[in-house]
Amino acid sequence: MRQARLVKSVVTHSQGKDLFRRFFFALTLFILPFSSLAQSPSDIPMTDAQKVEMANRVRQQCVKAWEGYKKYAWGHDELKPLSRTPYDWYGHSLMITPVDTLDTLVLMGLKPQADEDRRLIDTQLNFDQDIYVSNFEITIRLMGGLLSGYQLTDDKKLLALADDLGRRLLPVFNSPTGMPYEFINLHSGAVRGVNSNPAQVGSLLIEFGMLTRLTGNPVYYDKAKRALVALYRRSSSVGLVGSGINVETGEWTNTTAGIMGGIDSYYEYLLKASILFDDMDCARMWKQSLLSINRYLADQRPDGLWYGQADALSGKRTSTDYGALDAFFPAVLALSGDLNRAKQLQDSSYRMWNLAGIEPDKFDYVTKEIISQKYPLRPEIIESTYYLYQYTRDPKYLTMGATFLNSLINHCGTDNGFASLRNVTTKQKTDQMGSYLFAETFKYLYLLFAPPSILRLDSVIFNTEAHPMKRSLGKRKANRDVSD
Ligand code: DMJ
């Protein structure tokens, strides 16, 4: 409050608005994010020059982490930022960080880095490996990154790699229900993992569908759409899905419903596929699902709007957890046209961030107790901030973005990159820098402050790993109906 009074007196007794703006900008950058004012972001606008300055700051941080990756982990899946050693998810590198990062480097105008990255991918990435991989993770990060990289650079090798990957992944859909197995061997096509969840089953259509649009091969769209429809048809009588499903029997193995990790991007893809491909089935499935989400999961509390968990069969509330992954939902609500709920939920997410000065992975929004202390550099809250700023131009979202950037730098920054936090209360770091730091966290932060001309939100649909797909390409061919 003292700071608020100080700000006021500066305005009254000085040269007015311009000085106030500059003073406020300094506050935004260095002081505000750590003060109690950060609980309710101010609505003082940033000038265009100040936004450019913020975008440059984000780019500098991204370059710093990219240089660290290059120095200590070049050609590997990830950099371990504390030990400065490389890490490969499956023993052999699938170049997860290079592929996930390419479109971010292009959008940031880092051409030498983007060209070098592209050369690495073009010459070294080989999917013919005798390893079992997660179909979901490889689709959203690698197929998504290759497809958006191709759309931004016109490098046909990237499309050929995506096509090769798509062909290798196809056997994953050969279950009795058409819902994909969890893991697949990239060399033999053998599958594993009958117990899956809605996110893994239902977040494939943006990538597989775009692959169909770009190659003309209908099989990708058809398989991913059938899986999505098969899942939707197993919604309960109250219109909810559980968080665990057996892909061979179609039985629910866990009936906890929510918008949390394990379910999250299934809902996201119903909406986004409907827009990207003009797919009316997806539009209908999204509309129906949203009614149940708002009826059974939304929770209007004295301190604001939250979304918790319920039993998928009865709709009865089971818990009041909310976390970093749930914070994607304001973006989806905003894209769906419900700005009112989107804004309220984003305010709630921001309060969660400020509980410990950086976001816990999960907390109870009634007791305010932190349930999972980790912060693995997640992007979802920043993604929602970006969408809300695009739709409202409310400067409070820029202030939120400045808070996030400062927390990241101060609590997660290392000499050569950024480290996840093991504990948001103690700020103890852990030796992990996931590739989505580049694909999503930096990209959404950059786009929040960058001029809209860098990438117009209404010209693309982002996959769940923030890889932009051009809407114009999604709509090129007539929509195919799937019936089974
Ligand atoms: C990303 O890989 C994707 O956003 C996915 O949908 C779930 N979350 C991680 C980042 O938190």
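Everything numeric in this text was worked out from a predicted model, so none of it was measured.

## A short note on unusual backbone geometry
Okay, step 1: A positive phi angle, near 55°, is found at Asp278, a position not held by glycine.
Okay, step 2: Counting through the fold element by element, Asp278 comes out in the loop between helix H11 (264-276) and helix H12 (280-297).
Okay, step 3: On the basis of relative accessible area, Asp278 is assigned to the partly exposed category, the value being 41%.
Okay, step 4: Of note, the phi angle at Ala466 is positive, near 70°, even though the residue is not glycine.
Okay, step 5: Within the element layout of this structure, Ala466 appears in the loop between strand E21 (460-462) and strand E22 (468-470).

## Section: the site of the ligand
Okay, step 1: Taken together, Ile140, Arg141, Leu325, Arg378, Pro379, Glu380, Tyr436, Glu440, Thr464 and Glu465 form the complete shell of residues around the ligand.
Okay, step 2: At a separation of 2.8 Å, an oxygen atom of the ligand approaches a polar side-chain atom of Arg378.
Okay, step 3: The backbone of Thr464 places a nitrogen or oxygen atom 2.7 Å from an oxygen atom of the ligand.
Okay, step 4: In the complex, 91% of the free accessible area of the ligand, which totals 300 Å², lies under the protein chains.
Okay, step 5: If you list the elements that add at least two residues to the shell around the ligand, you get helix H6 (135-153) and helix H17 (436-449).
Okay, step 6: When grouped by side-chain class, the residues that make up the shell around the ligand number 4 nonpolar, 1 polar and 5 charged.

## Section: the pairing of strand E19 (residues 420-423)
Okay, step 1: Bridge analysis of E19 against strand E20 (residues 428-430) gives 3 bridges, and the strand direction is antiparallel. Counterpart to Asn423 in the pairing with E20 is Gln428.
Okay, step 2: Hairpin connection between E19 and E20: a loop of 4 residues separates the two successive antiparallel strands, and Lys427 in this loop has a positive phi of roughly 65°.

What counts, and at which threshold
- Residues numbered from 1 in each chain as written.
- Predicted model: local features only at pLDDT ≥ 70, side-chain atom pairs only at ≥ 80, totals over all residues.
- Heavy atoms only, no water.
- Helix = DSSP H or I, 4+ residues; strand = E, 2+ residues; numbered from the N terminus.
- Buried < 20%, exposed > 50% of the residue type's maximum accessible area, 1.4 Å probe, protein only.
- Near = heavy atom within 4 Å.
- Polar contact = N/O pair within 3.5 Å; in protein donor to acceptor, adjacent residues only side chain to side chain.
- Areas by Shrake-Rupley, 256 points an atom, 1.4 Å probe, with all protein chains shown as cover.
- Nonpolar A, V, L, I, M, F, W, Y, C, P; charged D, E, K, R; others polar.
- Pairing = 2+ DSSP bridges.

These values are about where atoms sit, not about what they do.
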